[in-house]
Amino acid sequence: MTSATSAVRPIAPIDLAAERAALGSALHEAVLRVLDSGKYVLGPEVEAFEREFPKLHGVAHGVGVGNGTDALWLGLLALGVQPGDHVVTTPFTFFASAASIALIGAKPVLADVDYDTALLDPAKARAAIDARTTCLLPVHLYGQLADMRALRALADEKRISILEDGAQAHGSRRDGYACGALGDAGTFSFYVTKNLGAAGEGGMVVTQREDVAKAMRQLRDHGSPTKYVHTRIGTNSRLQAIQAAILNVKLPHLERWNERRRSLAARYTSNFKGSANVAPLRVEPGVVHGYHQYTVRVRCELGRDAVAAALGAEQIFAGVHYPSPVHLQEAARDWGYGPGDFPCAERLAREVLCLPIHPFLSEADVDRVSEVLLRVAR
Ligand SMILES: Cc1ncc(COP(=O)(O)O)c(C=O)c1O
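So, here's what we can say about the structure. (Residues numbered from 1 in each chain as written. Predicted model: local features only at pLDDT ≥ 70, side-chain atom pairs only at ≥ 80, totals over all residues.)

1. Some details on the overall build of the protein
Of regular secondary structure, the protein possesses 14 helices and twelve strands. Here the C-alpha radius of gyration of the protein, 21 Å, is about what a compact globule of 378 residues would show, namely 21 Å. The principal-axis extent of the C-alpha atoms belonging to the protein is close to 65 × 55 × 35 Å. When burial is assessed residue by residue, the protein has 49% of its 378 residues classed as buried. Summarising the internal contacts of the protein: among those between residues at least 6 apart in sequence, 71% fall at separations of at least 24. (Helix = DSSP H or I, 4+ residues; strand = E, 2+ residues; numbered from the N terminus. Rg over C-alpha atoms; globule rule 2.2 N^0.38 Å. Buried ≥ 20, exposed ≤ 12 C-beta atoms within 10 Å, placed from the backbone. Contact = placed C-beta atoms within 7 Å.)

Printed below as a string of structure tokens:
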């Protein structure tokens, strides 16, 4: 076949081969070092990562766990959230943010997002707080931090805690603060596709609070402060040494890789200037965006899904994060919500399109994605 399409290089949301090539032999050497050491769970690689990752975020402590969902689940337990408590979170996120609350028998109480940022609206969070609320769980969606100064003031006024979901916010900042600096704790995922990704799964809870870090170290290890002594009910969710070794290799590159994402994002934004049908989300003042995703709202007659399919036909693979808001998922049927309850989240679920963005994309790639999108989104 000699069609124009078959000759075009695909543009995907992630390029792991390019990342591996950029790192040379460092990843292989790190993995072999762990294999030769015989220390496969926790150990020196995990300790080094638990030192360096929180430091980069200006946070005192980090406790590595199995994945980002466990970080949320155990983070809530470490903050003392109990069955029956209310935890206020956003309806527009990956389902795990809300499911982690339900996992411990607490109630996810949803408050709508701002349509222009897709982030938890502090005024709506305030209205959702009641006498049973013990915690706020904002999500730093796509790599833009929620308004943590406003949420911190709200939590202090109501005497409740904050667990920040930073699964998409490695290295991101707002008003100079990173995830975990203003909240009582923050969580990260190191799933493969994240800005800092393991070769599989990984997660971390970061916190300024010594008591929360101590609780986390026990919760991830069978509630056990020392071998065969169990002071609380915990689980087995320990970061694996091979994953930590890989993360230790990649961590020194994170700030530069995020800087590259910001540069490509600025090019997208400039390309879409003046378009009525392709509207990038707003970036708030004081935000240093990590651009885990570069997200636009597609507002044309054709509709977002048809636009995504048209991009796919031209070898451009965009994502939809997320096609359904949390409250309309079948698993949330007992939470007491229905269609129309969160209009901004519902509209975003119909309109958002996450365009390819990663450090190994070229300016020409960004221009091709922009040109095709502007052409098809009519
Ligand atoms: C916002 C958000 N929260 C939580 C998670 C869960 O992380 P993990 O997949 O590591 O369990 C993710 C991962 O995709 C996420 O994007």
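Still to come is the rest of the account.
2. With respect to unusual backbone geometry
The step from H321 to Y322 runs through a cis peptide bond, and the omega angle for that step is 20 degrees. If you trace the backbone, Y322 turns up in the loop between helix 12 (304-313) and helix 13 (343-351). Notably, L42 is not glycine yet its phi reads approximately 55 degrees, a positive angle. Structurally, L42 is set in the loop between helix 3 (26-37) and helix 4 (44-56). With a phi close to 55 degrees, R159 is a non-glycine residue in the positive phi region. You can call R159 exposed: it has 8 C-beta atoms within 10 Å.

3. Here we look at the nonpolar core
In terms of nonpolar packing, the biggest core is built from 105 residues, with L76, A78, C135 and V205 touching the most fellow members. The greatest single-element share of this core, amounting to seven residues, is contributed by helix 5 (residues 68-78). There are two domains that each give this core at least three residues, and those are domain 1 (18-252) and domain 2 (254-376). Residue contacts for A78: discarding those within four places in its chain leaves A185, V205, V212, A215, M216 and L219. (Core = buried A, V, L, I, M, F, W, Y, C linked by C-beta atoms within 7 Å. Domains from an automatic or database assignment.)

4. A short note on the site of the ligand
Residues in close proximity to the ligand total 15 residues, the closest being N67, G68, T69, A167 and S189. Listed by contribution, the elements that provide at least two residues to the shell around the ligand are helix 5 and helix 6 (96-103). Taken together, the residues of the shell around the ligand sort by class into five nonpolar, eight polar and two charged. (Near = placed C-beta within 6 Å. Nonpolar A, V, L, I, M, F, W, Y, C, P; charged D, E, K, R; others polar.)

5. Considering the packing of helix 5 against helix 9 (residues 210-219)
The N-to-C vectors of helix 5 and helix 9 enclose an angle of 125 degrees; their axes lie 9 Å apart at closest approach. One element, helix 5, and the other, helix 9, form an angle in the oblique class. Pair helix 5 / helix 9 crosses with right-handed handedness. Within the contact between the two elements, helix 5 uses L74, L77 and A78 and helix 9 uses V212, A215, M216 and L219. (Axes fitted to C-alpha atoms, helices over the stretch in contact; angles between N-to-C directions. Parallel < 35°, antiparallel > 145°, perpendicular 65-115°, else oblique. Left-handed = near helix turned anticlockwise from the far one by under 90°.)

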